[in-house]
Amino acid sequence: MSDKITRRNFLKIAGAGAAISAVLTGCGPMSRYIVRRPYTEMPEYNQTGLNTYYASTCRECAAGCGIIVRTKEGRAITIEGNPQHPLNRGRLCARGITAQQGLYNPDRVFGPIFQARGDTGRQARTSWDEAIPLVSEALKSPAGQIAFLLGTAPDHLYDLVTEWTRSIGAPAPLRYSALASFEGRSTLQEAANRTFGKPALPYFDLANAEVVFSFGANFLETWLSPVSYSAAYGDMRQARPTRRGYLVAFEARQSLTAGNADEWIPIKPGSEGLVALALARLVAEARGEATPAAARSIDPATVAETAGIEPAKLTELARLFAASEHSLAIPGGSAIGQHEGLAIAQAILQLNVQVNNLGLPGGVFLTNSEQPTTSLTEVKSLVQKMNDSQVKVLFIHAANPVFELPKVLGFEEALAKVPLVISFATFPDETAMLSDYILPDHSPLESFGYQRMLAAADRPVYSSIQPVVAPLYDTRATADVLLAAAAAAGSPLPYTDEVDFVQQMIVPLISAGGFYTAPEIQTFWSRWLQYGGWWVTEQGLDAEIAAGSSRPATFSGPAALEEDKQFYLVVFPTQLGDGAGANRPWLQEMPDPMTTLTWNTWVEVNPETADKLGIHDDDVVRVTTPYGALEASVYRYPAIRPDTIAIPFGQGHTALGRWAEGRGANPAALLPAAVNEAGDLAFGDVIASIALTGKRRPLARVENREGVYGEH
Amino acid sequence: MAEVSKGIAEKWGLVVDQDRCTGCNACVVACSMENNVPFTGEDNVAFGRGTYWIYNKRMWEGAYPEVAPAFQPVMCQQCGSAPCEPVCPTFAAVHSEEEQINLQIYNRCIGTRYCANNCPYHARQFNFQDPDIPEPMNSYLNPDVTIRRRGVMEKCTFCVQRIVAGRQTASAEDRPLRDGEVTPACVAACPSGALVFGDLSDPSSRVSQMAQNERQYKLMDELGTRPKVTYLKGGGRNGG
Ligand code: SF4
Ligand code: SF4
Ligand code: SF4
C-alpha cells in the first residue's frame, strides 16, 4: 500500500489531464489510492445518472485492442472499442464486448484461499496477511527451483516477473496459451527470422492487398489480432473504389475466414508446404523468372494430386498471384502447427519474397513485436523438471495449463510432484483447483498494467490498462503481492507497487516521440490513462526487410489414410479463445458463425462421409487418436473434406463455474505432445478414427429457427 | 394502425454491406450486452427460444467443394409500413412518428405473439421465461433499457436509447445532430465496418449515400414493408 499519494492529491494530479478531453477520464477508481465508500458519498468523478468513460485495454486475448468502458454509478455497463487506438480503431470482437461477464461473474474467487489441491476437508479461506509471508517464503526457495507460468496477457506482469527472476538468477517466466499454439506463433516468428533475418512477428498488410492466399490463417476469428485483421479485410473488399481484393483460402476444413474467401481450396492437411512450393514454381513460370531453388524438384501436377485438387486450378491460381501487383501469402496456424511446420511457414513466406512485396503496401512488414509466448518445448521441459522434482514452487497466472495443454503432456500428473503450487487465478479453473493456494488477482477490468506486444499494430504502441471499477472482492494485484513478498524475502525490486512499476516502465515513452508528451511522469501518466495508451501518430513499420535465400526443403506430404476408417483431424479455436471464454454466457449463447451451434462441442463430418458411415446429425460419436478419445455429437458440415473431421476447442471444462462446467468435451485429449522445429505444438497433422456410440444428443442450433413455426 | 401510403417519411436507416460482413457475430453479442437481451441457455436455444435481436442468417450455397456460407445479419427492418403493427390488439407495437421507427411498448404487450407471426423477417423475439441473470452479473445491465419479463415480445429498436441520448446532447449544445454521432451497439462493434447508421432524411449523410450503391437491395421489398435497412450485395462468387 502506498501512502505517498493521498486520494485527493492523486485526483489533483490526474485533473491536469482532464482538461484535455471532456469525455475520457484520466483518473478513476484506482484501487490503491481510493477508499471504497457508499454511494451516498459520491466520488467527484462520478455523478448519478451520468456516464463516466474509461480507456483501457482488452485482456481477453493477447491482441491488445483498446477499449472504452462506459460506467455508471461505479458499474461497468458497456465496452466498446477505443476509436483512437491504432490497433482496433473503435472496433471490438465478441470476447472483448462480453468482458463484463467475467468481471461480474458469480463464480469468481472472492479472496485468498488455501485450496489444498481440492481436498475439501482441509480447504479454508485465508487472509492477505498470511498469504504475503507465504509467497515470501516461497520466493526464498533456491532460485533454480522457482517456476512461473504466465498467460499471454498482461505484459506488465511478465516484465515485472522477468526482472525479478533475472535479479535472483531464477529461470525466466514461461508464457503459454492454447491460442498461441493454434496460431503457430513461435513458428511464425522463427520462420520470419530465417526468411527475413529478424525474429519479429510479420505484419500482413491485408487492407492494401489485391490477391491474398491464406494457408489456414483464421484471421477473422482468433488469429493474432482478429479485430484489426477483420477491419483490414473489410477495407480489402470495399475501401478501394476500383479494385476489390480477392481472397483464396487453402485449408481442409473451411474456417470462417475461408468461408469468406472467394475461393476455398480444400487441400489435405500436410500438403501445405508442397502446395506452396508448387505455387512458387508456377508463379516463377508465369512471371518468366528462374524457378526458386527450393521448388526445382517439384512437379506441380503431382503436388496437386497429392493435395487432392485439380492441377489446372493450381496453375490458374498461380497465374492470378503472379499477375497482381499486390499479392500476399499468409501462413496460418493449422498449416504451420505441424511437424514440418517451420519449413512450411518458410515456403509460404517465400511466396511473398518472390513477388517482391516486402515492405510495400499490400505486402509483408516486420512488427516491433516479439511473440508473447514461450514455445511448447519450453513448457515441456518445465513439465520434465516438475516430474524430476526439480521445481519446489510453481506460480501460475492467467493460464490454465491443466485444461489447455495436450493431456498426453502429463501436466496434471507433474503438478502433483510440485510441493507448492500457488495460483493467482480470478476463477476457480481446472489448474487453480489443483493448487495449494489461490491468491486471486483482480479481474482485468479492475487492474492496472499495459500490453506492449501488439502483434498487428502498424506502429509502436503501448496500450494502457486501468481499473474501470473498484475491485469487487478481497482480491489483490499479483504484481503487488509479488513486490511485497520479494521485499520481505530480501530480494526487493525498486518499485513501491504495481502503479509505480508501470510508471517507471513508461518513463522512456515521455521523450519517445508519441502523439503527446508531458513535462513529468504524473502528467504523462494521467494522459496515458486518459488516451488508453501511447503510440506514434505516423504509421510506420520496418520496411527494410531483406529476404534470405529460399532454402531447399523436402516435405513428406500428407499421411496416407485408411479410407473411411481414418480421418485427418482439425482442432480449431472459436470465440471461447483458449477456453477461458467458456464461462461467459453470451459467448456460449452466441451462435458459432459457420454452424450456428451454441453451448456445446460438436464433431464436423462431411455429409457424404456421414452417409457412408450411417451417421446422422446429433449422433454421438467417439473420436479416437493415438493420444486419447472423446465423445461428442455430430454436425454434418458441408464445407470440410470428406477425409477430414473437425472439433472446436474451448469446451469440456470440469471447473470454471456454472456456465462452463460439464459441457461438451475437451479436444486437448486428442492432441499429441509433439512439437515442430520451432517448438510449436504439431496439432495440424493428427489422424483420428470415429465410431458411433449408439447415443444421440441434439445440439442447440440456431439455423432452424426459420422452421420453428413450421416444418423442421 | 399504420397506413399504407406513398409519402412515408424517412429518418433513421441502416446499411449492411455484405461484402464487408464476415459473419463474425460480434454484432449479436454487442446488441445483447447493450440492450439487456437475456441469454437463455442451451435447451432454450435448441427449442428455438433463444433471444437474438440481430441474428446472422447463414445460408450454404453450392455443393462441396464449391460450397460457401452467405451471411446476412438480420435485425428489425424498421418497416415504414410494418406488418407487425396493425395486428397488435393492445397497440404495443407502435410507430414512432418522431424517429420513424417501430417500437414495442413492453408494458402494453400481453404476449399474443400476433406481431411475431406477421413479421416476415423473424425479427421479433418472445420471452418464454423471465431472464435468469444471477447476482452480481446483473450489475452490467444497461440502466437506459428496460428489462423485459416473461410473456413479452421484444426486438431491435435501432438502439433508440442512443438516438435519444444523441438528440439530447445535441439540443443541450444547441446544434443539430452530426452525421455518425448516433451509433447503435452493433454498428459500433462491427470489426469489418459492415454496418453504417445514420439519417436517411439527410441526403448527404453517409448512410444515404451508401443506400444509393448499385449493389443495394432490400429484404423482401416486394411485400411492401418499406424497410429502413438496406443491404449491399456481396461482390464475390459467394457474396450474399
Ligand atoms: S481481439 Fe482480443 S484483445 Fe481484441 S477485442 Fe477480441 S479478445 Fe479483446
Ligand atoms: S459484426 Fe459486422 S462483420 Fe460481424 S456479423 Fe455483424 S455485421 Fe457482420
Ligand atoms: S421487421 Fe418485423 S418487427 Fe420490424 S417493423 Fe418490420 S414487421 Fe415489424
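What you see is a predicted model, and the numbers here were worked out from it, not measured in a lab.

J.: Just to check I follow, could you spell out the overall build of chain B for this structure?
T.: Check the secondary structure of chain B and you find six helices and 10 strands. Against the globule reference of 18 Å for 240 residues, chain B gives a C-alpha radius of gyration of 18 Å, in line with a compact fold. Here the C-alpha coordinates of chain B stretch approximately 55 × 45 × 35 Å along the principal axes. Expressed as a percentage of the 240 residues in chain B, the buried residues total 60%. Just so you have it, chain B exposes about 9900 Å², and 49% of that area is on carbon and sulfur atoms. Across chain B, 24 positive and 27 negative side-chain charges occur, with their mean positions spaced 3 Å apart.

J.: Where do I start with empty space enclosed by the protein in this structure?
T.: Unoccupied space between atoms shows up once a probe the size of one water molecule is rolled over them. All names here are of chain A. By volume, the largest cavity is sized at about 730 Å³. Around the largest cavity, the lining comprises 44 residues; the ones closest to its centre are Arg59, Ala398, Asp578, Ala580 and Arg584. Those elements that place two or more of their residues in the lining of the largest cavity are helix H3 (100-103), helix H6 (178-183) and helix H16 (401-404). When residues in the lining of the largest cavity are grouped by element, the largest group, three residues, is from H6. A per-class count over the lining of the largest cavity returns 20 nonpolar, 13 polar and 11 charged.

J.: I would appreciate a short explanation of the nonpolar core in the present structure.
T.: The tendency in soluble globular proteins is for nonpolar side chains to be buried as a group. Counting 193 residues, the largest nonpolar core has A:Phe213, A:Phe215 and A:Phe250 as the members making the most contacts within it. If we ignore the near neighbours within four places in the chain, the residues touching A:Phe213 are A:Val248, A:Phe250, A:Leu279, A:Leu317, A:Phe321, A:Leu328, A:Ala329 and A:Ile330.

J.: When you look at the interface of chain A and chain B in this model, what are you seeing that I'm missing?
T.: How big an interface is tends to be stated in terms of accessible area lost as the parts join. Each side of the interface is counted separately: chain A has 73 residues, and chain B has 63 residues. Where chain A touches chain B, the interface holds eight salt bridges. Here A:Glu80 makes a salt bridge to B:Arg162, at a shortest N to O gap of 2.7 Å. The interface formed by chain A and chain B holds 29 residue pairs in polar contact (both at pLDDT 80 or more) in total.

J.: What am I meant to see in the sheet that holds strand E19 (residues 533-535) of chain A here?
T.: In sheet architecture, strand pairing relies on hydrogen bonds along the backbone and comes in two forms, parallel and antiparallel. Residues and elements named next belong to chain A. The strand order E17-E18-E19 describes an open sheet built from three strands, whose pairing is antiparallel. Because the sheet does not close on itself, it has two edges, and the strands there are strand E17 (449-451) and E19. The average angle at which neighbouring strand axes cross in this sheet is 20°, direction not considered. Bridge count for E17 against strand E18 (residues 461-465) is three bridges, and the pairing is antiparallel. When the bridges of E18 are listed, Tyr450 appears paired with Ser464.

J.: Any chance you could explain the domain arrangement of chain A here in plain terms?
T.: All names here are of chain A. For chain A, the assigned domains are domain 1 (7-104 + 448-475 + 512-535), domain 2 (113-178 + 373-438), domain 3 (202-366) and domain 4 (567-709). With 12 residues of domain 1 at the interface, the matching set in domain 3 holds 11 residues. Of the roughly 830 Å² buried where domain 1 meets domain 3, counting both sides, 69% is carbon and sulfur surface. If you sort the residues of domain 1 by the area they bury against domain 3, Arg95, Ala455 and Ala456 come out on top, with a joint share of 44%. At the surface where domain 1 touches domain 3, the tally comes to zero salt bridges. At the surface where domain 1 touches domain 3, the tally comes to zero residue pairs in polar contact (both at pLDDT 80 or more).

J.: Just to check I follow, could you spell out the packing of helix H5 (residues 155-168) of chain A against helix H20 (residues 498-506) of chain A for this structure?
T.: In a packed pair of helices, the relevant descriptors are the angle between the two axes and the axis-to-axis distance. Residue and element names in this part refer to chain A. For the pair H5 and H20, the least separation of the axes is 11 Å and the interaxial angle reads 90°. If you check the angle between H5 and H20, you find them roughly perpendicular. Packed against H5, whose contacting residues are His156, Asp159, Leu160 and Glu163, the element H20 presents Glu498, Phe501, Val502 and Met505 at the interface. Residues belonging to the contact of H5 with H20 are distributed by class as follows: four nonpolar, one polar and three charged.

J.: Help me understand the sheet that holds strand E9 (residues 216-217) of chain B, please; the structure alone is not making it clear to me.
T.: As summarised here, the arrangement of the four strands in space is E8-E1-E10-E9 (chain B), forming an open sheet in which the pairing is mixed. The strands lining the two open edges of the sheet, one partner per strand, are strand E8 (195-199) and E9 of chain B.

J.: It is not clear to me how the site of ligand 2 should be interpreted in this structure. Could you clarify?
T.: Near ligand 2, the surroundings consist of 13 residues, among which B:Cys21, B:Cys24, B:Cys27, B:Asn56 and B:Cys190 are the closest. Within the shell around ligand 2, the residues separate by chemical class into eight nonpolar, five polar and no charged.

J.: How should I be thinking about unusual backbone geometry in this particular structure?
T.: Peptide bonds are, in most cases, trans, and in most cases residues other than glycine have a negative phi. Following A:Ala153, the chain continues to A:Pro154 via a peptide bond in cis, the omega torsion being 0°. Tracing the sequence through the fold places A:Pro154 in the loop between strand E6 (146-150) and H5. Cis geometry marks the peptide bond from B:Glu135 to B:Pro136, where omega comes out at -5°. You can see B:Pro136 is positioned in the loop between strand E6 (125-126) and strand E7 (153-154). Look at A:Ser389: it is not a glycine, yet its phi comes out positive at around 55°. A positive phi angle is found at B:His122, which is not glycine, with a value near 50°.

J.: Teacher, can you tell me more about the packing of H20(A) against helix H21 (residues 521-531) of chain A here?
T.: Residues and elements named next belong to chain A. Two elements in contact, H20 and H21, have axes whose closest approach is 11 Å; the angle formed by their N-to-C orientations is 100°. Taken together, the axes of H20 and H21 are roughly perpendicular relative to one another. On H21, the residues touching Val499, Val502, Gln503 and Ile506 of H20 are Ile521, Gln522, Phe524, Trp525 and Trp528.

J.: Could you clarify how one ought to interpret the confidence of the model for chain B in this entry?
T.: The predicted structure's coordinates, where accompanied by low pLDDT, should not be read in detail. Per-residue pLDDT for chain B averages 91, and the proportion of residues at 70 or more is 94%. Here the complex is predicted with pTM 0.92, and the ipTM for its interfaces comes to 0.93.

J.: Would you explain the environment of A:Lys407 in this entry?
T.: All names here are of chain A. Structurally, Lys407 can be placed in the loop between H16 and helix H17 (411-415). According to the relative accessible area criterion, Lys407 is partly exposed, its value standing at 36%. Sequence separation of Lys407 and Pro667 is 260 residues, and the distance between their C-alpha atoms is 9.1 Å. If we ignore the near neighbours within four places in the chain, the residues touching Lys407 are Val402, Asn666, Ala668 and Ala669.

J.: What should I look at first to understand helix H14 (residues 341-354) of chain A in this one?
T.: Helical geometry: 3.6 residues make up each α-helical turn, so side chains three or four residues apart lie on a common side. The end-to-end C-alpha distance of H14(A) is 20 Å, a good match for the 20 Å that 14 residues give at a rise of 1.5 Å each. Of all 14 residues in H14(A), 14 are buried; the element is thus mostly enclosed.

J.: Quick question: what am I supposed to make of the pattern of salt bridges here?
T.: Two side chains that carry opposite charge are able to pair once their charged atoms sit near each other. Residue and element names in this part refer to chain A. Taken as a whole, this structure holds 48 salt bridges over all chains when the rule is applied. Here Asp262 ties to Arg237 by a salt bridge, and the two come within 2.7 Å at their closest N and O atoms. Note that Asp262 is positioned in the loop between helix H9 (256-259) and strand E11 (263-265) and Arg237 in helix H8 (residues 226-238), a separation of 25 residues in sequence. Summarising the burial analysis for this pair, Asp262 and Arg237 share the class buried.

J.: What am I meant to see in the pairing of strand E1 (residues 52-57) of chain A here?
T.: Note on strand geometry: in a regular strand, side chains alternate between the two faces of the sheet. Residues and elements named next belong to chain A. Most of E1 sits out of view: five of its six residues are buried. Pairing between E1 and strand E2 (residues 66-72): six bridges, direction antiparallel. Of the residues in E2, the one forming a bridge with Ser56 is Ile67.

J.: Could you clarify how one ought to interpret the pairing of strand E24 (residues 628-636) of chain A in this entry?
T.: Residues and elements named next belong to chain A. Across four bridges, the pairing between strand E22 (residues 602-605) and E24 is parallel. Within the sheet, the bridge partner assigned to Val603 lies in E24 and is Val634. Alignment of strand E23 (residues 619-625) against E24, held across six bridges, turns out to be antiparallel. In the sheet register, Thr624 faces E24, and the bridge partner there is Ala629. Linking E23 back to E24 in an antiparallel pair, the connection comprises two residues.

Thresholds applied
- Residues numbered from 1 in each chain as written.
- Chains lettered and ligands numbered in written order.
- Predicted model: local features only at pLDDT ≥ 70, side-chain atom pairs only at ≥ 80, totals over all residues.
- Heavy atoms only, no water.
- Helix = DSSP H or I, 4+ residues; strand = E, 2+ residues; numbered from the N terminus.
- Rg over C-alpha atoms; globule rule 2.2 N^0.38 Å.
- Buried < 20%, exposed > 50% of the residue type's maximum accessible area, 1.4 Å probe, protein only.
- Areas by Shrake-Rupley, 256 points an atom, 1.4 Å probe, with all protein chains shown as cover.
- Lys, Arg positive; Asp, Glu negative; His and termini not counted.
- Charge placed at Lys NZ, Arg CZ, Asp CG, Glu CD.
- 1 Å grid on protein atoms, 1.4 Å probe; cavity = no way out; pocket = protein on both sides within 12 Å on 5 of 7 lines; lining within 4 Å.
- Points joined across faces, edges and corners; volume = space filled by probe spheres on them.
- Nonpolar A, V, L, I, M, F, W, Y, C, P; charged D, E, K, R; others polar.
- Core = buried A, V, L, I, M, F, W, Y, C linked by side-chain atoms within 4.5 Å.
- Contact = heavy atoms within 4.5 Å.
- Salt bridge = Lys/Arg side-chain N within 4 Å of Asp/Glu carboxyl O.
- Polar contact = N/O pair within 3.5 Å; in protein donor to acceptor, adjacent residues only side chain to side chain.
- Pairing = 2+ DSSP bridges.
- Axes fitted to C-alpha atoms, helices over the stretch in contact; angles between N-to-C directions.
- Domains from an automatic or database assignment.
- Buried area = accessible area lost by both parts, 1.4 Å probe.
- Parallel < 35°, antiparallel > 145°, perpendicular 65-115°, else oblique.
- Near = heavy atom within 4 Å.
- pLDDT = per-residue confidence, 0-100.
- Expected span 1.5 Å × (residues − 1).

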